[in-house]
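As a plain string of letters, each chain reads:
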Amino acid sequence: MSDEDARRWDARHGAVDAVGPLPPDALRGRLDLLPSGGLALDVACGRGAVSRWLAERGFVVDAVDVSPVALATVAEVEGVRAVRADLDLGLPPVCAGPYDVVVCQRFRDPALYPTFVERLAPGGLLVVTVLSEVDDEPGPFRAPPGELEAAFAGLDVLLQREVDGEAHIVARAVRADPASSAQAP
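Just so we're clear, the structure is a prediction, and the values are computed from it rather than from any experiment.

Participant: I'm lost on helix H2 (residues 49–56) in this one. Help?
Facilitator: For an α-helix the count is 3.6 residues per turn, leaving residues at separations of three or four pointing the same way. Counting buried residues along H2, seven of its eight residues qualify, which places the element largely inside the surrounding structure. Taken together, the buried positions of H2 are Ala-49, Val-50, Ser-51, Arg-52, Trp-53, Leu-54 and Ala-55. Buried-residue contacts for H2 involve strand S1 (38–43), strand S2 (59–65), strand S3 (80–84) and strand S4 (99–105). Gly-58 lies just past H2 and shows a positive phi near 90°.

Following this line, the structure appears as structure tokens:
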């Protein structure tokens with residue numbers, strides 16, 4: 001991301017009021033899927049509504065964004081670590097996980113999808129919402145039909161929906177089978 005892009009996001013985040021805690025869009029009405037706590041990653045967190053919400057539910061949250069203005073709104077929230085990073089360069093090494101929850105809302109970079117999976121703990125929950133071409137116009141920031149389902153096919157997909165210009169997926173990392181890791185005598 002260019003310095004110009006970062007300044008644009010700073011200006012955008014600086015022009016709006018703070019937001020209260022909100023669950024990820026794809027989990028609304030499905031809160032039973034959320035683990036009872038642990039470590040969470042909020043990718044492209046913006047002003048941190050999801051980060052705050054997760055912290056209120058007992059998660060320790062790594063909130064990642066390129067905008068220091070956005071991160072300043074969550075930096076003082078107990079249980080949230082604000083991490084400034086240019087996501088065009090990938091997730092920063094400090095966000096190694098493994099995470100019990102990985103959330104990414106309205107930031108689309110298919111090159112990051114494998115990293116999301118790698119950072120999930122066994123049984124961890126992935127929640128991704130991106131802009132979509134479904135029921136909308138194509139564009140450089142919009143996912144083509146089926147992108148999320150294909151990208152996360154190796155996970156246990158709990159919810160997948162593409163409608164009205166948005167694509168959502170909620171999926172769980174497969175838990176390791178202790179019997180399969182035992183060595184034969």
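Participant: Please explain the packing of aromatic side chains as it appears in this structure.
Facilitator: One pair of aromatic rings is described through two measures. These are the centre distance and the angle between the planes. The full count for this structure, using the stated rule, is two aromatic pairs. Taking the centre distance of 6.2 Å and the plane angle of 50° together, the rings of Tyr-113 and Phe-116 count as tilted. Linking Tyr-113 with Phe-116, this pair stays in helix H4 (residues 113–119), spanning three residues, or about one helical turn. Where Tyr-113 meets Phe-152, the ring centres are 5.0 Å apart and the plane angle is 50°; that geometry is what we call tilted.

Participant: Sorry, what's going on with the environment of Ala-111 here?
Facilitator: Inspection of the secondary structure puts Ala-111 in the loop between S4 and H4. Taking the C-alpha atoms as reference, Ala-111 lies 8.1 Å from Gly-90; in sequence the two are 21 residues apart.

Participant: Sorry, what's going on with the side chain of Arg-52 here?
Facilitator: Residue position: Arg-52 is located in helix H2. Although Arg-52 is buried, it forms no salt bridge, and the closest oppositely charged side chain is Glu-56 at an N-O distance of 7.4 Å. There is a polar contact of 2.3 Å between the side chain of Arg-52 and the backbone oxygen of Thr-73.

Participant: Can you walk me through the confidence of the model for the chain in this structure?
Facilitator: For any part of a model where pLDDT is low, the fine detail of the predicted coordinates should not be relied upon. Per-residue confidence for the chain gives a mean pLDDT of 88, with 84% of residues at or over 70. Segment residues 180–185 is flagged for pLDDT under 50; beyond a separation of four residues in sequence, or across chains, it makes zero contacts in the model.

Participant: Mind showing me how you'd approach the sheet that holds S4 here?
Facilitator: Paired through their backbone hydrogen bonds, the strands of a sheet run either parallel or antiparallel. Within the open sheet, the seven strands sit side by side as S3-S2-S1-S4-S5-S7-S6. Their pairing is mixed. Where the open sheet ends on each side, the last strands, each with one partner, are S3 and strand S6 (156–163). Each strand axis lies, on average, 10° off the axis of its neighbour in the sheet, ignoring direction. Relative to S3, S2 is paired through five bridges, and the arrangement is parallel. Bridging across to S3, Val-64 finds its partner in Val-83. Each of S1, S2, S3 and S4 is contacted by H2, which is oriented at about 170° to S2, the strand it contacts most.

Participant: Just to check I follow, could you spell out the environment of Pro-21 for this structure?
Facilitator: With respect to the element layout, Pro-21 can be found in the loop between helix H1 (3–14) and S1. Considering only alpha carbons, one finds Pro-21 and Gly-48, 27 residues apart in sequence, at a separation of 7.7 Å. Ignoring anything within four residues of it in the chain, the contact list for Pro-21 reads Ala-49, Arg-52, Trp-53 and Glu-56.

About the criteria used
Residues numbered from 1 in each chain as written. Predicted model: local features only at pLDDT ≥ 70, side-chain atom pairs only at ≥ 80, totals over all residues. Heavy atoms only, no water. Buried < 20%, exposed > 50% of the residue type's maximum accessible area, 1.4 Å probe, protein only. Helix = DSSP H or I, 4+ residues; strand = E, 2+ residues; numbered from the N terminus. Contact = heavy atoms within 4.5 Å. Phe/Tyr/Trp six-rings, centres within 6.5 Å; stacked < 30°, edge-to-face > 60°. Lys, Arg positive; Asp, Glu negative; His and termini not counted. Salt bridge = Lys/Arg side-chain N within 4 Å of Asp/Glu carboxyl O. Polar contact = N/O pair within 3.5 Å; in protein donor to acceptor, adjacent residues only side chain to side chain. pLDDT = per-residue confidence, 0-100. Pairing = 2+ DSSP bridges. Axes fitted to C-alpha atoms, helices over the stretch in contact; angles between N-to-C directions.

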